[in-house]
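# Residue-level structural notes
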Amino acid sequence: SQPTPLPALQAYNLTTEVAIINPAIPSLNLIVAIPPNTTLEQTPFELNASGYITTGASMTVTAKLYQGTTTSGTLLKSSGAVTQNSATASFWIHAKLIYNSVGGTLEGTVDFYINRGIVASTTLTNFPTGISNTNDPVAQFIISFQFSAANANNVVNVQKFSVG
């Protein structure tokens, strides 16, 4: 995966779902990708995103992981609404994934850690198809966040977003 320009600090003074933006190219979402012809095929690999979330009031936060370049892509997993009370707390999104070009499907598990709580690891919500080691890229991933209340102090800072 190509290095991503991090950290990515993003304010959320709204209640709609928003993907993390690429700080180097603000017209694009922050994306990590699996390049073609890698040694990842048929081998479990990990995707990791981490940083902190700040809420300006008591509310819930929902994190999501997608395969694709926008929130119109395939939803792999959602944390569901997690309560965070006027605080700054660490988060992570961790996926253990596997694919093969014969079946052409991306499979695996995802877990979330938000506001000192774990959202247990479970299998993907959807299993993307058409995955092949010869695709360029094999797969791309984005993350998004949604706050239940608009507040000028709501912030997500992504310090790491990687696959491999």
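Since the model is a prediction, treat every value here as computed from it, not as a measurement.

## Brief notes about the nonpolar core
Judged by nonpolar contacts, the single largest core of 38 residues is most densely connected at Ile-93, Phe-141 and Phe-145. Mapped by element, the contributors of at least two residues to this core are strand S3 (32–34), strand S4 (45–54), strand S5 (58–67), strand S8 (88–99), strand S9 (106–114), strand S11 (139–147) and strand S12 (155–163). Every residue in contact with Phe-145, bar those within four places of it in the chain, is listed here: Tyr-12, Thr-16, Glu-17, Val-18, Ile-20, Ile-53, Val-61, Thr-62, Ala-63, Phe-91, Ile-93 and Val-156.

## Re the sheet that holds S8
One open sheet holds the six strands; their spatial order is S1-S12-S4-S8-S9-S10, and the pairing between them is antiparallel. Each end of this open sheet is capped by a strand with a single partner; those strands are strand S1 (8–11) and strand S10 (117–123). The mean inter-strand angle of the sheet, taken between neighbouring strand axes irrespective of direction, is 15°.

## A closer look at the pattern of salt bridges
By the definition in use, this model includes one salt bridge. Among the ionic pairs, Lys-64 bridges to Glu-17, the shortest N-O distance being 3.7 Å. With Lys-64 in strand S5 and Glu-17 in the loop between S1 and strand S2 (18–19), this pair connects stretches of sequence that are 47 residues apart. Overall, Lys-64 belongs to the buried group, its relative accessible area being 17%.

## Observations regarding the packing of aromatic side chains
Throughout the structure, instances matching the rule amount to four aromatic pairs. When the ring of Phe-45 is compared with that of Tyr-99, the centres are 6.2 Å apart and the planes differ by 75°; the resulting orientation is edge-to-face. Here the residue Phe-45 occupies a position in strand S4, and Tyr-99 occupies one in strand S8, the gap between them amounting to 54 residues. For Phe-45, a relative accessible area of 2% puts it in the buried group. Between the aromatic rings of Phe-91 and Phe-145, the centroid separation amounts to 5.2 Å while the plane-to-plane angle is 75°, which identifies the pairing as edge-to-face. Here the residue Phe-91 occupies a position in strand S8, and Phe-145 occupies one in strand S11, the gap between them amounting to 54 residues. Each of the two residues, Phe-91 as well as Phe-145, counts as buried.

## A closer look at unusual backbone geometry
Most peptide bonds take the trans configuration, and most residues that are not glycine carry a negative phi. Of the consecutive residues Asp-136 and Pro-137, the connecting peptide bond is found in the cis state with omega at 0°. Inspection of the secondary structure puts Pro-137 in the loop between S10 and S11. Here the phi dihedral of Asn-115 falls at roughly 50°; this positive angle occurs in a residue that is not glycine. By the element assignment, Asn-115 lies in the loop between S9 and S10. Here the phi dihedral of Arg-116 falls at roughly 65°; this positive angle occurs in a residue that is not glycine.

## Considering the pairing of strand S6 (residues 74–78)
Sheet topology note: the S5/S6 ladder contains four bridges and is antiparallel. Considered in S6, the bridge of Leu-65 is made with Lys-77.

Cut-offs used in this document
- Residues numbered from 1 in each chain as written.
- Predicted model: local features only at pLDDT ≥ 70, side-chain atom pairs only at ≥ 80, totals over all residues.
- Heavy atoms only, no water.
- Core = buried A, V, L, I, M, F, W, Y, C linked by side-chain atoms within 4.5 Å.
- Buried < 20%, exposed > 50% of the residue type's maximum accessible area, 1.4 Å probe, protein only.
- Helix = DSSP H or I, 4+ residues; strand = E, 2+ residues; numbered from the N terminus.
- Contact = heavy atoms within 4.5 Å.
- Pairing = 2+ DSSP bridges.
- Axes fitted to C-alpha atoms, helices over the stretch in contact; angles between N-to-C directions.
- Salt bridge = Lys/Arg side-chain N within 4 Å of Asp/Glu carboxyl O.
- Phe/Tyr/Trp six-rings, centres within 6.5 Å; stacked < 30°, edge-to-face > 60°.

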